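Residues per chain, in single letters:
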Amino acid sequence: MPSITPLTTVDENGFFKTAVKTIQNIYQELGYKPQAEGWTILASFFLSRQPNIDAGTSGEVKVISLATGTKCLKASRNIQGGELIHDSHAEVLARRSALRWFFEEIQRVQSGKEFKSAWIDESEDQKFKLHEDVELNLYVSTVPCGDASMRLIASTQEEQMATLKNASAIPTTEIDTNETSRGRDNYARLGALRTKPGRADSPPTFCMSCSDKIARWNVLGIQGAIGSLLLDPLYLSTVVVGEVPEDLRETVKEDCERAFRKRIGDIEGLPKGYSVHHPKVVFTDVSFKHSRSASESTPNACNEGKHLVQRTDNTLLRKLSNPAIFWLSESEVASHQVVINGLKRGVAPKHRFRDKSRPLICRLSMAQLLIQLKKPEFTKGVHQPTYQELKDLAKDYQTARMSLLGPNGPFAGWVLSNAEWQTFAILGYQPNKDEEPEAPAETAQN
Ligand SMILES: [Zn+2]
């Protein structure tokens, strides 16, 4: 599957158009269809290298991951294992898949074979970083859920729009992110941290909205805590957003810029290598064939906007697609997997602890791959770390995280998941080979 496209244009529109078309071609080749009449969101991380006219070199786009998905698990489904993916919104799955691509790229570099990465280099601190001329970008087929999408969604709902049109209801100077709103409660509280999903009658979750997560990546990087043990912070240069009608682009751009960076403000005292980044927000006209607006005329956001379709007009009552799919470039393990209810599709819950049953990008799989890559450091003692202990090794990341989410940070209202869910042993779920049955059976250990 070609994930690299040469670029000869320096025109920004042409550049991102090529990128989005490459992403959609990859999606197309996966042959995945949302459930009957369903729609979904597509997100992708891609690397880019601008053409250099003076040097006579053409640019390149390299798609490293993509994902679809619109669901997250309710809080009660959170369990201790690390094998469940709690948040299956497309942006979040695409980020995890991108991180897995970086881990596997490092594995290729470390393989001892004649492999030279065109995209990453070793950094001064014995980690890896992007090549100097390479940028990291995110594409989302619609506006990310949460703060960035409030006015877009409101524009399709007459009552709320009436409120929002009242300028005095919109706090434009004072943004209070210490208090977290649930889903779409209080539309007019622009700048607020919000949990998923948006519907008031659905069970609560501990997952923060995609707008909040993208903003967090702009301070901490997309690599997360365990990724920072191997990688310098990886920051987004551009966020490409699809499916925004022309007449709403100015409003949505303002909302994205506030949601992704302005509400963070400045943060003092971040560790070396960390800073608040301001990715550019651009729109694309390339439409996504499985988006809601491809089948309806309603603009959407990457959350469960069922209320948008609960209208008297039955033609608008469409089902939200349940399964999510993720893909990563060049993976020798599996190029893509389908996730449903946080687990790999087709795996009975009692078999989920088996190596091959877990999604490639769940916390446990990622931590195990990290340990393989950093083996000499982690096998010194007999102690095998828990997931939380692994995260605690990332000292600079944790300092930066506290500056953002701590009591004095701009995102102090961030809803943290139960600490107990981070304490699973990373190697604790290895099945005992002697006792593991050949085929799925009632006696399988879990
Ligand atoms: Zn989302």
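Residues numbered from 1 in each chain as written. Predicted model: local features only at pLDDT ≥ 70, side-chain atom pairs only at ≥ 80, totals over all residues. Heavy atoms only, no water.

Going by the annotation in an unreviewed UniProt entry, the name recorded for the protein chain is tRNA-specific adenosine deaminase 1, with Crepidotus variabilis given as the source organism. Reading the Function (unreviewed entry) entry of the UniProt record for the protein chain gives the comment "Specifically deaminates adenosine-37 to inosine in tRNA-Ala." (UniProt positions renumbered as here; feature names shortened; annotations may be inferred.)

S.K.: Quick rundown of helix α7 (residues 249-262)? Include the residues and the values.
M.R.: Listed in full, the buried residues belonging to α7 are R249, V252, D255, C256, E257, R258, A259, F260 and R261. Summarising the contacts, the buried residues of α7 are in contact with α3 (150-154), α5 (210-220), β11 (236-242) and β12 (280-284). (Buried < 20%, exposed > 50% of the residue type's maximum accessible area, 1.4 Å probe, protein only. Helix = DSSP H or I, 4+ residues; strand = E, 2+ residues; numbered from the N terminus. Contact = heavy atoms within 4.5 Å.)

S.K.: Explain the layout of surface pockets residue by residue, including any values.
M.R.: Over the atoms, a rolled probe matching the size of one water molecule traces out where space is still vacant. Approximately 960 Å³ is the volume attributed to the largest pocket. In terms of lining residues, the largest pocket is bounded by 38 residues, among which R96, R216, R363, K391 and Q422 are the most central. Listed by contribution, the elements that provide at least two residues to the lining of the largest pocket are α2 (90-110), α5, α6 (224-227), α10 (363-373), α12 (387-392) and α13 (395-405). Here the residues of the lining of the largest pocket sort into 20 nonpolar, 10 polar and eight charged. (1 Å grid on protein atoms, 1.4 Å probe; cavity = no way out; pocket = protein on both sides within 12 Å on 5 of 7 lines; lining within 4 Å. Points joined across faces, edges and corners; volume = space filled by probe spheres on them. Nonpolar A, V, L, I, M, F, W, Y, C, P; charged D, E, K, R; others polar.)

S.K.: Before we move on, could you go through the packing of aromatic side chains and cite the residues and values that matter?
M.R.: Inspection of every chain in the model, using the stated rule, returns seven aromatic pairs. Seen in terms of ring centroids, F16 and F46 are 6.5 Å apart; in terms of plane orientation they differ by 70 degrees. Their pairing is edge-to-face. Separated by 30 residues along the polypeptide, F16 in helix α1 (residues 12-30) and F46 in strand β2 (residues 42-49) bring together distant segments of the chain. With respect to burial, F16 and F46 carry one shared label: buried. Chaining the aromatic ring pairs together yields one cluster made of F15, F16 and F46. Positioned above the aromatic ring of Y387, the side-chain terminus of R363 is 5.6 Å from the ring centre. (Phe/Tyr/Trp six-rings, centres within 6.5 Å; stacked < 30°, edge-to-face > 60°. Lys NZ or Arg CZ within 6 Å of the ring centre and 35° of its normal.)

S.K.: Go over the side chain of S329, please, and point to the residues and values.
M.R.: Among the secondary structure elements, S329 is positioned in the loop between β13 (324-328) and β14 (336-340). S329 has contacts with S3, K62, V63, I64, W101 and R108, leaving out every residue within four places of it along the chain.

S.K.: Which residues make up the environment of A412, and what values do they have?
M.R.: With respect to the helices and strands, the residue A412 is situated in the segment after α13. Given a relative accessible area of 27%, A412 falls into the partly exposed group. Sequence-wise, A412 and L193 are 219 residues apart; in three dimensions their C-alpha atoms are separated by 9.4 Å.

S.K.: Give a detailed account of unusual backbone geometry, specifying residues and quantitative values.
M.R.: The backbone of Q126 shows a phi angle near 60 degrees, a positive value even though the residue is not glycine. By relative accessible area, which is 67% here, Q126 ends up exposed. In this model, E330 sits at a positive phi of 65 degrees, which is unusual for a non-glycine residue. Within the secondary structure layout, E330 lies in the loop between β13 and β14. E330 sits in the partly exposed class, given a relative accessible area of 42%.

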